Amino acid sequence: MEKKTNDNVTVKVSEPSEKVKIVTVTEENTGNSDETAVVTESTPQEESIRLGSDADMGSVRPKSKQEIQAKVTVKRKDKEDDGAEPIIRVRNLNFFYDKSHQALKNLNFDIKKNHTTALIGPSGCGKSTFLRCLNRMNDLIDNTKVEGLIEFHGKDLNKDIDIMVLRKVVGMVFQKPNPFDMSIYDNIAYGPRIHGEKRKAKLDEIVESSLRKAALWDEIKDRMGDNGLSISGGQQQRLCIARTLATNPEIILMDEPTSALDPLSTQKIEDLIEELEKEYSVVIVTHNMQQAGRVADETVFFLNGEVIEFGKTDKIFTNPDDKRTEDYISGRFG
């Protein structure tokens, strides 16, 4: 059963099975309160809660640990402990914007290959700064300094890897879709071209393959000559993902990739992330706790430039080790 309300809330519910019941915390506007929780039940296949915008979804704030546990159960099934090797190792990492502003403080954790890792925490806690450390975009800012080690395939990312090579294999998708002011085809072919690919047949193959992986080919295959800015916002973001895939990266960095999108586009991006991690490692910054629960295998909680807790997403959300983690997830601050 699907029900739509006037406040742009869509709820899809099916009859729960005898063995499986999932409690989902959703938002219901009641007077001046925007934090009232309503509990619904649905099966894993039919669970689909979309609250207006991505930011709206992030505003759902459970009142108790039980509701935190209820909310995180909507996440797809965790990977088993498959012993996946880390693709990134972070050791004693410190980052300074200048001598007086230390943005990251002694970070230590691993990012696993073919996993999705979510970075959560309040605004200004260092999530995006850390994300930009992974492809050295912070190098573009004057007076910054990095201490410690970020290891990529056993090499020091800041010393042993050419920056052009690094940015080819560590792609970035930004908060706001930013397609180039050129055709859809040329948006995708741009990266391969600057890396030396000139063969038309090969470029055609890369463009189609990248758009298929970004779940966009069927929607725009007859519009290759149209300007990339002419399609919808959700399509533009998937175009940017396809552009990133065209250079055959190993890691895809996403900085709040759905915060500017409508609920349907948000769902498509989240579904796409699950498909992408079969071939790539994904690191996503999000303020949306439910989104982290839905897409991430591991979650890192940042606070004031430090990593407070890191581990499997279900553990972080249902049984965190640090009281500050529970307080943030339950909406007591942030």
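You'll find the structure just up there.
Here the structure is a predicted model, which is why all the values come from computation and not from measurement. (Residues numbered from 1 in each chain as written. Predicted model: local features only at pLDDT ≥ 70, side-chain atom pairs only at ≥ 80, totals over all residues. Heavy atoms only, no water.)

Q: Please clarify how the overall build of the protein should be interpreted in this entry.
A: A tally of regular secondary structure across the protein gives 12 helices and 15 strands. Taking the contacts inside the protein whose residues are at least 6 apart along the sequence as the reference set, 68% of them involve residues at least 24 apart. As displayed, the protein has an accessible area near 15800 Å², and 46% of this comes from carbon and sulfur atoms. (Helix = DSSP H or I, 4+ residues; strand = E, 2+ residues; numbered from the N terminus. Contact = heavy atoms within 4.5 Å. Areas by Shrake-Rupley, 256 points an atom, 1.4 Å probe, with all protein chains shown as cover.)

Q: Is there a simple way to explain the sheet that holds strand S7 (residues 101-112) in this structure?
A: Think of a sheet as strands paired side by side through backbone hydrogen bonds, with each pair either parallel or antiparallel. Taken together, four strands build an open sheet; the order of strands is S7-S6-S9-S10 and the sheet is antiparallel. The open sheet has two edge strands, S7 and strand S10 (155-156), and neither has a second partner. Bridge count for strand S6 (residues 86-98) against strand S9 (residues 145-152) is seven bridges, and the pairing is antiparallel. Along S9, the bridge assignment pairs Phe-96 with Lys-145. (Pairing = 2+ DSSP bridges.)

Q: Could you clarify how one ought to interpret the side chain of Asp-327 in this entry?
A: With respect to the helices and strands, the residue Asp-327 is situated in helix H12 (residues 323-329). Beyond its immediate chain neighbours, meaning those up to four positions away, Asp-327 contacts Arg-332 and Phe-333.

Q: I would appreciate a short explanation of the nonpolar core in the present structure.
A: Generally speaking, nonpolar side chains in soluble globular proteins are found buried as a group. Within the largest apolar cluster, 43 residues are counted, with the highest numbers of intra-cluster contacts made by Leu-211, Met-224, Ile-241, Met-254 and Leu-276. Setting aside chain neighbours within four positions, we find Met-254 in contact with Leu-131, Val-173, Ile-241, Ile-273, Leu-276, Val-282, Val-283, Ile-284 and Val-285. One finds Val-170, Met-172, Ile-251 and Val-300 within the second-largest nonpolar core, a separate group that totals 31 residues. (Core = buried A, V, L, I, M, F, W, Y, C linked by side-chain atoms within 4.5 Å. Buried < 20%, exposed > 50% of the residue type's maximum accessible area, 1.4 Å probe, protein only.)

Q: Can you help me understand the side chain of Gln-235 in this one?
A: Mapped onto the secondary structure, Gln-235 falls in helix H8 (residues 233-245). Of the polar contacts made by the side chain of Gln-235, one reaches the side chain of Glu-219; its length is 2.9 Å. Residues in contact with Gln-235, not counting those within four places in the same chain, are Leu-216, Glu-219 and Ile-220. (Polar contact = N/O pair within 3.5 Å; in protein donor to acceptor, adjacent residues only side chain to side chain.)

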